[in-house]
Amino acid sequence: MGMFEVIFYLSSCGVCLFFLSFLIKLFSKVWWTPIRIQSMMRSQGIQGPAYRFYHGNAKEIIYRATNVLSNPKKLSHQNVFPTVLPHIYSWLKLYEIFNNKDGEFLKLEIDKYYKKLLGDGIATTRGDKWFTLRRLSNHAFHAECLKGMIPAIIASVEMMLERWKYRDSKEIDAFQEFKVLTSEIISRTAFGSSYLEGQHIFDTLIRMAVIITRNIKLVKTTDDVESDELEKGIRNSIINMMKRREEAAIMDQSSDGFGSDFLGLQLKAHHDDNSDRRISVEDFNHLDCKTFYVAGHETTASSITWTLFLLAIHTDWQDKARKEMNMIINEALRLYPPVVNVPRQVQRQVRLGKLNNNCCNYATQISYNHANCCNYATQISYNHANCCNYANNFITCILSSNNHNPQIWGEDVHLFKPERFVEGVAKATNNNVTAYLPFSLGPRSCVGSNFAVTETNIAVSMILQHYQFTLSPTYVHSPVPLITMCPQHGLRIMLQPLHLG
Ligand code: HEM
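Residues numbered from 1 in each chain as written. Predicted model: local features only at pLDDT ≥ 70, side-chain atom pairs only at ≥ 80, totals over all residues.

- By the naming in an unreviewed UniProt entry, the protein goes by Cytochrome P450 and is assigned to Hevea brasiliensis.
- If you open the UniProt record of the protein and go to Subcellular location (unreviewed entry), you find "Membrane". (UniProt positions renumbered as here; feature names shortened; annotations may be inferred.)

### Some thoughts on the overall build of the protein
- A count of helical and extended segments in the protein gives 18 helices and 12 strands.
- By the burial criterion, 46% of the 501 residues in the protein qualify as buried. (Helix = DSSP H or I, 4+ residues; strand = E, 2+ residues; numbered from the N terminus. Buried ≥ 20, exposed ≤ 12 C-beta atoms within 10 Å, placed from the backbone.)

### Quick word on the nonpolar core
- Among the nonpolar cores identified, the biggest contains 94 residues, and Leu308, Ala312, Ala332 and Ile493 are the most heavily contacted of them.
- For this core, the element with the highest residue contribution is helix α13 (residues 298-313), accounting for 9 residues. (Core = buried A, V, L, I, M, F, W, Y, C linked by C-beta atoms within 7 Å.)

### Structural notes on the pairing of strand β12 (residues 492-497)
- Strand direction decides the pairing type here: strand β5 (residues 171-173) and β12, joined by 3 bridges, are antiparallel. Pairing of Ile172 across the sheet is with Ile493, part of β12.
- With 5 bridges connecting them, strand β9 (residues 467-471) and β12 associate as antiparallel partners. The partner of Phe469 across the bridge, within β12, is Leu495. (Pairing = 2+ DSSP bridges.)

### Considering the site of the ligand
- The immediate surroundings of the ligand are formed by 26 residues, with Ala295, Gly296, Thr299, Cys446 and Gly448 found nearest.
- Elements with a contribution of two residues or more to the shell around the ligand: α12 (289-296), α13 and α18 (449-466).
- Among the elements that take part in the shell around the ligand, α12 stands out by supplying 4 residues, more than any other.
- The residue inventory of the shell around the ligand, partitioned by class, reads 15 nonpolar, 8 polar and 3 charged. (Near = placed C-beta within 6 Å. Nonpolar A, V, L, I, M, F, W, Y, C, P; charged D, E, K, R; others polar.)

### Section: the environment of Asp272
- Among the structural elements, Asp272 can be located in the loop between α10 (262-270) and α11 (281-287).
- Taking the C-beta count within 10 Å as the criterion, Asp272 has 13 such neighbours and is therefore assigned partly exposed.
- Each C-alpha atom of the pair Asp272 and Glu246 lies 13 Å from the other, and the pair is 26 residues apart in sequence.

### As for helix α6 (residues 143-165)
- The terminal C-alpha atoms of α6 lie 33 Å apart, and with 23 residues this matches the ideal 33 Å at 1.5 Å per residue to within 8%.
- The largest bend in α6 amounts to roughly 35° and is located at Met149, with the proline Pro151 lying one to four residues further along.
- Those residues of α6 not exposed but buried are Met149, Ala152, Ile153, Ser156 and Val157.
- Of the surrounding elements, those touching the buried residues of α6 are α7 (174-191) and α18. (Expected span 1.5 Å × (residues − 1). Bend = angle between axes of the 7 residues up to and from the residue. Contact = placed C-beta atoms within 7 Å.)

### Observations regarding the sheet that holds β12
- Pairing is antiparallel in the open sheet, where 3 strands are placed in the order β5-β12-β9. The open sheet has two edge strands with one neighbour each: β5 and β9. Here the average twist between neighbouring strands, direction ignored, is 40°.
- The strands that α13 touches are β9 and β12; relative to β9, the one it contacts most, it runs at about 85°. (Axes fitted to C-alpha atoms, helices over the stretch in contact; angles between N-to-C directions.)

### Some details on the packing of α6 against α18
- Two elements in contact, α6 and α18, have axes separated by 10 Å at closest approach and are oriented at 40°. In this view, α6 runs oblique relative to α18, as classed from their interaxial angle. Of the two possible hands of crossing, α6 and α18 adopt the one that is right-handed. Residues Leu146, Ile150, Ile153, Ile154, Val157 and Leu161 of α6 touch α18, and the partners they reach there are Asn450, Phe451, Thr454, Glu455, Ile458, Ala459, Met462 and His466.
- Across the contact of α6 with α18, the residue classes break down as 10 nonpolar, 3 polar and 1 charged. (Parallel < 35°, antiparallel > 145°, perpendicular 65-115°, else oblique. Left-handed = near helix turned anticlockwise from the far one by under 90°.)

### Examining the environment of Glu229
- Secondary-structure assignment places Glu229 in helix α9 (residues 221-251).
- In this structure, the C-alpha to C-alpha distance between Glu229 and Met208, residues 21 residues apart in sequence, is 9.7 Å.

### Some thoughts on the confidence of the model for the protein
- Per-residue pLDDT for the protein averages 71, and the proportion of residues at 70 or more is 64%.
- Ignoring residues within four places in sequence, the model shows residues 20-63, a span with pLDDT below 50, making 102 contacts including any to other chains.
- A low-confidence stretch, residues 82-89 stays under pLDDT 50, and its non-local contacts, those more than four residues away or across chains, total 19 contacts.
- This prediction of the complex comes with two scores: 0.77 for pTM and 0.98 for ipTM. (pLDDT = per-residue confidence, 0-100.)

### Let's talk about the packing of α6 against α7
- Across the interface, α6 lies against α7 with an axial gap of 9 Å and an inter-helix angle of 145°. α7 is crossed by α6, and the crossing has right-handed handedness. The residues of α7 that touch α6, namely those facing Met149, Ala152, Ile153, Ala155, Ser156, Val157, Met159 and Met160, are Glu177, Leu181, Glu184, Ile185, Arg188 and Thr189.
- Tallied by class, residues from the contact of α6 with α7 come to 9 nonpolar, 2 polar and 3 charged.

### Some points on helix α15 (residues 326-335)
- Taken across its 10 residues, α15 has 9 buried, putting it largely inside the fold.
- Those residues of α15 not exposed but buried are Met327, Ile328, Ile329, Asn330, Glu331, Ala332, Leu333, Arg334 and Leu335.
- In this structure, the buried side of α15 is in contact with α13, α14 (316-321), α17 (425-428) and α18.

### What about unusual backbone geometry?
- Residue Asn430 is not a glycine yet carries a positive backbone phi of 55°.
- With respect to the helices, strands and loops of the structure, Asn430 is situated in the loop between α17 and α18.
- By C-beta crowding, Asn430 is classed as exposed, having 10 other C-beta atoms within 10 Å.
- For Asn431, which is not a glycine, the phi torsion comes out positive at approximately 60°.
- Checked against the element boundaries, Asn431 lands in the loop between α17 and α18.

Structural data, given as structure tokens:
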């Protein structure tokens, strides 16, 4: 058995900055150091179960990748989680942090470059501005609006399936396919019929992200100028689209007003008679789909990928899935949560676990290298060596900390068993609200969660209507929780068209 171990080093707390690091990875092709991991893995006949270990030292993590095909059904899905003693994660503390009742735990502030990319958008702002944007976004993802987006989702999946028909080989890398799919879906749902123009905006965003990555360490004036121009270009494109849509709505009184895509919904809010609810052009620009694109593109690609992965192993569930998708999606999000951890900045010295007077239960403490001291859900950034309770520290909440807790899920916790969710999430978790947090919790939880689940549901159901699939012999199992939980070597599956009678 050619077991193989890879050691790599996490950069400091930056690894936990969900959105920021998402961009670094997505656009710059900078994965991690040392980059040799990939080629080394391929060059070894990687076998055996995959595990991730934290050692005494925070900066050292060992991965083992595996070719699971010898007995895929026996694969334990334990591999993907930080194995930092799950029982020490206090549910109460996670609850306190995410609900943030006293305003102590804030989203991180981002620098000027990231601001150009994301705007002062919903994912990054705080206070009143965030509140306005959140209210609008909640509306955009409300069930009624979601219904209006379903045709766009179906059209994108149909395009993908059409492409698959003409492939010479029956083998595809589903992860790459789903990244294209989710990008297409966001573009269509954001801009409706103008989605090609939307794709152009996203291409510009990618160029901007490259500049931003270049400037993580070094600020260059030429890059400042270029990124200003790109930002201006995006802004103008959006304003032009907005104007054209306004004109069309005035000309064509019989149409459905501004439309039901994000662009239309924002225009409605821009023209709202109620001045409290009205949004300015400035807000409009910040709310724009840039944020949704960044937040909702790879996360959903990851969710669809792992759902398909589990179905490719458990082919008996493909039939059942044709009837019942939700519990499979829930189980996939439990075993392979796209977002593993989220950071918060602590405003002032704070004591967590108010109902629980153990020593050392501060939000701002612990690191992997202080294993003997105060192990909590709230992992402090690695560069705060002291076990301390200072304000202005970063903490990282590991959303998946309870996903593999046998006290919650039972001894078969590492197995794929969608039937756990047969009576819904509340029943499966015995009403423990912090036991299962794929979309986080509290006011800053994922605004696109319904959209993401709908998208995953439609995409997987449509694939299942046309194909049976299994893992390709070339698949190597190596889930890596970078920004989203990615299959490091893609998800290579074999498609078998269904002959529908
Ligand atoms: C399976 C797919 C997805 C997962 C697992 C996921 C997960 C998350 C999580 C954990 C957060 C909380 C981050 C934090 O607390 O700092 C979040 C926030 C957010 N997500 Fe998602 N997400 C997904 C898909 C989407 C989609 C499709 C969209 C939009 C199109 C979206 C838009 C957002 C936005 C705007 C926020 C920030 C909300 C705020 O700060 O008020 N997400 N997401």
